[in-house]
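Each chain, letter by letter, is given below.
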Amino acid sequence: MSRPTVLIVAKSPEPGRAKTRVAQTVGDEVAADLAAAALLDTLEVAGSVGWPVVVALTGDLDRAARSSEIREALARVKVVAQRGGGFAERLVAAHNDADEGFGVVQVGMDSPQLAVTDLLLAGQALGIHDAAIAPAEDGGWWLLALRSSIHAKVLADVPMSTADTCRATIDALTENGAHVFGLRALRDVDTWADALALAQAYPRLRSSKVVRQVVGR
């Protein structure tokens with residue numbers, strides 16, 4: 001399969017709304033700046049693959065951290081508004097909006113340490129399999145690739161943000177007739193402890209620089 005679409009499901013990194021668990025430790029402004037940096041890291045990797053990129057966005061960019069920088073990055077990709085009720089419903093809609101007939105490789109903005117090779121492997125997997133999924137260490141998943149958006153409909157019935165979300169997603173896809181390929185696991189950046197681990201392992205990221213500014217290194 002050639003040139004699937006990279007779909008980034010993102011929320012405007014607004015203070016008080018972005019990375020609220022991180023904010024419990026370092027405050028709303030730092031949490032929003034970390035979220036903004038993570039989105040920019042993710043956009044940079046997605047743009048390096050040479051595939052179409054679609055960002056399904058919710059929130060107010062006028063209130064976002066690094067608003068100008070994010071707008072400049074988004075000007076180079078297609079942006080669609082998230083639509084639907086709950087998060088799972090919005091994921092289904094985003095896959096349908098992004099699908100150009102060559103598959104969709106979806107990521108969020110909580111795994112800025114993703115690499116170009118992760119996206120390439122996911123796209124390659126879609127040449128053989130109906131879906132590919134990369135688990136997050138907390139039980140969710142950080143990447144979901146689907147050969148056809150018809151498979152995305154199962155997400156509407158999968159409980160999101162639980163310790164069993166990845167397993168439930170695989171089960172739902174399999175029950176719908178999809179053959180699912182597994183990719184590498186990553187640690188999502190949901191808490192300040194996650195951010196500290198990210199900064200130690202991936203020091204060159206924008207996200208990691210935010211962390212170092214806080215800890216004074």
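Residues numbered from 1 in each chain as written. Predicted model: local features only at pLDDT ≥ 70, side-chain atom pairs only at ≥ 80, totals over all residues. Heavy atoms only, no water.

Draft legend 1. Up close: the overall build of the chain. If you tally the helices and strands in the chain, you get eight helices and seven strands. The globule rule puts the C-alpha radius of gyration for 217 residues at 17 Å, and the 16 Å found for the chain is close to it. Classification of the 217 residues of the chain by burial places 52% in the buried group. Long-range contacts, defined as pairs at least 24 residues apart, comprise 70% of the intrachain contacts of the chain with a sequence gap of at least 6. Total accessible area computed for the chain in this model is approximately 9700 Å², and 49% of it derives from carbon and sulfur atoms. (Helix = DSSP H or I, 4+ residues; strand = E, 2+ residues; numbered from the N terminus. Rg over C-alpha atoms; globule rule 2.2 N^0.38 Å. Buried < 20%, exposed > 50% of the residue type's maximum accessible area, 1.4 Å probe, protein only. Contact = heavy atoms within 4.5 Å. Areas by Shrake-Rupley, 256 points an atom, 1.4 Å probe, with all protein chains shown as cover.)

Draft legend 2. Layout of the nonpolar core. Within the largest apolar cluster, 38 residues are counted, with the highest numbers of intra-cluster contacts made by I8, V105, L119 and L143. Elements with a minimum of two residues in this core: β1 (5-11), α2 (28-47), β2 (53-58), α3 (67-74), β4 (104-107), α5 (116-125), β5 (131-135) and β6 (141-146). If one sorts the elements of this core by residue count, α2 sits on top with eight residues. Among all residues touching I8, those that are not within four sequence positions of it are L39, T42, L43, A46, V53, V54, V55, A56, V107 and G108. (Core = buried A, V, L, I, M, F, W, Y, C linked by side-chain atoms within 4.5 Å.)

Draft legend 3. Region of the structure containing the pattern of salt bridges. Throughout the structure, instances matching the rule amount to 14 salt bridges. We note a salt bridge from R206 to D41, for which the minimum N-O separation is 3.1 Å. Placement of the pair is R206 in helix α8 (residues 206-215) and D41 in helix α2, with a sequence separation of 165 residues. A salt bridge links E69 to R206, with the nearest nitrogen and oxygen atoms 3.9 Å apart. (Salt bridge = Lys/Arg side-chain N within 4 Å of Asp/Glu carboxyl O.)

Draft legend 4. Focus on the sheet that holds β2. The strand order across the open sheet built from seven strands is β3-β2-β1-β4-β6-β5-β7, with neighbouring strands paired in mixed fashion. Looking at which strands have only one partner, the edges of the open sheet turn out to be β3 (78-81) and β7 (180-182). Direction aside, neighbouring strands of the sheet carry axes that sit 20° apart on average. For β5 and β6, the ladder comprises five bridges, and the chain directions are antiparallel. Pairing of A134 across the sheet is with L143, part of β6. In this fold α5 packs onto β1, β4, β5, β6 and β7, with an angle of close to 35° to the strand it touches most, β6. (Pairing = 2+ DSSP bridges. Axes fitted to C-alpha atoms, helices over the stretch in contact; angles between N-to-C directions.)

Draft legend 5. Just a nonpolar patch on the surface, in detail. Residues L196, V214 and V215 make up a contiguous nonpolar surface patch of roughly 190 Å² in combined accessible area. Overall, V214 belongs to the partly exposed group, its relative accessible area being 38%. (Patch = residues over 30% accessible without salt bridge, like charges linked within 9 Å, V, L, I, M, F, W, Y side chains within 5 Å.)

Draft legend 6. Representation of the environment of G139. Relative to the assigned elements, G139 resides in the loop between β5 and β6. In the structure, G139 is positioned 86 residues away from V53 in sequence and 26 Å away in space, judged by C-alpha atoms. Residues contacting G139, with those up to four places away along its chain left out, are T162, A163, D164, T165 and C166.

Draft legend 7. Representation of the packing of α2 against α8 within the structure. Taken N-terminus to C-terminus, the directions of α2 and α8 make an angle of 155°; their axes are 7 Å apart at the nearest point. In this view, α2 runs roughly antiparallel relative to α8, as classed from their interaxial angle. Residue-level contacts link V30, D33, L34, A37, A38, L40, D41 and E44 of α2 to R206, S207, V210, V211 and V214 of α8. Residue classes in the contact of α2 with α8 are distributed as eight nonpolar, one polar and four charged. (Parallel < 35°, antiparallel > 145°, perpendicular 65-115°, else oblique. Nonpolar A, V, L, I, M, F, W, Y, C, P; charged D, E, K, R; others polar.)

Draft legend 8. Spotlight on the side chain of T169. Take T169: it is sitting in helix α6 (residues 165-175). By relative accessible area, T169 is classed as buried at 0%. With near-sequence residues (within four places) excluded, T169 lies in contact with I133, W141, L155 and V158.

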